[in-house]
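Each chain is listed here by its residues.
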Amino acid sequence: MIDNLVKNIDTLNQKYEKYSFMDRLDKLFAEFDHDKILISSSFGATSSVLLHQVSKVAPNHPVYFINTGYLFEETIQYKNRIQEKFGLTNIVEVGPNDQKHEFTTENETYKTNQDLCCFVNKVEPMQKLKEGKQFWVSGIFRHQNQNRANLRIFEPKDDLLKFHPIIDMSKEDVQLYQDVYDLPKHSLIYQGYGSIGCTHCTAKGDDREGRWLNSGKTECGLHT
């Protein structure tokens, strides 16, 4: 099945490009097996947009949240607010292997080898969740950085398809959507954080410029 989806990915993209970003998630759930759809969220600065859509289309569908062990307390609080306000009944928290996480803490790999730290605490836990899935739904945007600028709605990723239903929303679209639907915002936004990840590797800045500041790193590895 996945081979056929990859083979016909251009047709899928052409079809879904005609839908508005309000309708794409609904179409995916209408056309494909729900058990083959994986949804994850970081509960970061712009996560409310996708999660609001999930609450309208499939509020009982699992939403996986990877807690790296290095998150801001404000992120945990935001997750709880979103869950209550949107009525998302099935948020599943997943963490890294305890021993591996302890290694990254003791050796401060977030300072010396950030790619390894991200792999242990984010990428590896997500790999297990992808088993048996055909689609992985993600709420990233093209405007966030150059690595994402040319991504399409459907993109092959390992043994499944990444699905980016709101990839083409502009900053203005995101702000308007949040205002129209009165979506709760992450409290760190008001302190100047444009993108919010782990405490060690997140600084204030516009969009993702505060992530892994002055390191040359721009992605954790989940989406590229």
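Here the structure is a predicted model, which is why all the values come from computation and not from measurement.

J.: Can you help me understand the pattern of salt bridges in this one?
T.: Within the structure shown, the criterion is met by 8 salt bridges. For the salt bridge of Asp10 with Arg152, the shortest nitrogen-to-oxygen distance reads 3.0 Å. Taken as a pair, Asp10 in helix H2 (residues 9–17) and Arg152 in the loop between strand S4 (135–137) and strand S5 (154–157) lie far apart in primary sequence, 142 residues in all. Judged by relative accessible area, Arg152 falls into the partly exposed class, the value being 26%. Across the pair Arg24 and Asp168 runs a salt bridge whose closest N-O atoms are separated by 2.8 Å. Of the two residues, Arg24 sits in helix H3 (residues 24–31) while Asp168 sits in the loop between strand S6 (160–163) and helix H9 (171–180), which places them 144 residues apart along the sequence. The buried category is assigned to Arg24, whose relative accessible area is 2%. Several salt bridges share partner residues, and in doing so they unite Asp10, Arg152 and Glu155 into one network.

J.: Honestly, the sheet that holds S6 in this entry has me stumped. Any pointers?
T.: Strand pairs in the sheet, formed through backbone hydrogen bonds, run parallel or antiparallel to each other. Judged by pairing direction, the sheet is mixed, and its 4 strands sit side by side in the order S1-S4-S6-S5 without closing on themselves. Each of the sheet's edge strands pairs with one partner strand only, and the pair in question is strand S1 (37–39) and S5. Across the sheet, the mean angle from the axis of one strand to that of its neighbour is 30 degrees, orientation sign disregarded. Alignment of S4 against S6, held across 3 bridges, turns out to be parallel. Residue pairing across strands places Val137 opposite Phe163, the latter belonging to S6. Most of the contacts of H2 go to S5, to which it runs at about 145 degrees, and overall it touches S5 and S6.

J.: For this particular structure, what's the right way to read the nonpolar core?
T.: Burial of nonpolar side chains together is a common tendency in soluble globular proteins. Of all hydrophobic cores here, the largest spans 58 residues; its most connected members are Tyr16, Leu28, Phe135, Val137, Phe154 and Phe163. In terms of residue count, the dominant contributor to this core is helix H8 (residues 114–129) (5 residues). In this structure Val137 touches Leu25, Leu28, Ile37, Leu38, Ile39, Ser40, Leu50, Phe163 and Pro165, once residues within four positions along its chain are discounted.

J.: For this particular structure, what's the right way to read a nonpolar patch on the surface?
T.: Residues Met22, Leu176, Val180 and Tyr181 make up a contiguous nonpolar surface patch of about 380 Å² in total accessible area. Structurally, the position occupied by Leu176 is in helix H9.

J.: I'm lost on H3 in this one. Help?
T.: One turn of the α-helix equals 3.6 residues, which is why residues spaced by three or four share an orientation. All of the buried residues in H3 are Arg24, Leu25, Leu28 and Phe29. Here the buried residues of H3 occupy an arc of 135 degrees about the axis, which is enough to place them on one side. Tucked inside the fold, the buried residues of H3 contact H2, S1, helix H4 (47–57), S4, S5 and S6.

J.: For this particular structure, what's the right way to read the environment of Pro59?
T.: Topologically, Pro59 is positioned in the loop between H4 and strand S2 (63–66). For Pro59, a relative accessible area of 27% translates into the label partly exposed. In sequence terms Pro59 and Leu88 are 29 residues apart; their C-alpha atoms lie 5.1 Å from each other. Sequence-distant contacts of Pro59, defined by excluding residues within four places in its chain, comprise Val54, Gly87, Leu88, Thr89 and Asn90.

Each value, and the rule that gives it
- Residue positions within a chain follow its written sequence, with the count starting from 1.
- In keeping with the predicted nature of the model, local features appear solely for residues at pLDDT of at least 70, side-chain atom pairs appear and are counted solely at 80 or more, and the whole-chain, interface and lining totals rest on all residues.
- No hydrogens and no water enter the side-chain calculation; it runs on all heavy atoms of the structure.
- For this analysis, a salt bridge means a side-chain nitrogen from Lys or Arg found within 4 Å of a carboxyl oxygen belonging to Asp or Glu.
- Think of it this way: any DSSP run of H or I at least four residues long counts as a helix, any run of E at least two long counts as a strand, and we number them from the N terminus.
- Only protein chains enter the accessibility calculation, which uses a 1.4 Å probe; a residue is then buried when its area is under 20% of its type maximum, exposed when over 50%, and partly exposed in between.
- By the convention used here, strands pair only if DSSP detects at least 2 bridges between them.
- To get an axis, fit a line to the C-alpha atoms, keeping to the stretch in contact for a helix; angles then go from 0 to 180 degrees between the N-to-C directions.
- Any two residues whose heavy atoms approach within 4.5 Å at even a single point are treated as in contact.
- What is meant by a nonpolar core is a set of buried Ala, Val, Leu, Ile, Met, Phe, Trp, Tyr and Cys residues, joined one to another through side-chain atoms within 4.5 Å.
- Like charges are joined within 9 Å and nonpolar side chains (Val, Leu, Ile, Met, Phe, Trp, Tyr) within 5 Å, but only among residues with over 30% relative accessible area and no salt bridge; these make up the patches.
- All accessibility values rest on the Shrake-Rupley procedure with a 1.4 Å probe; residue burial counts only the protein chains present in the view.
- Each C-beta atom gives one direction from the helix axis, and the arc is the one those directions make.

Any functional reading would require information that these geometric values do not contain.
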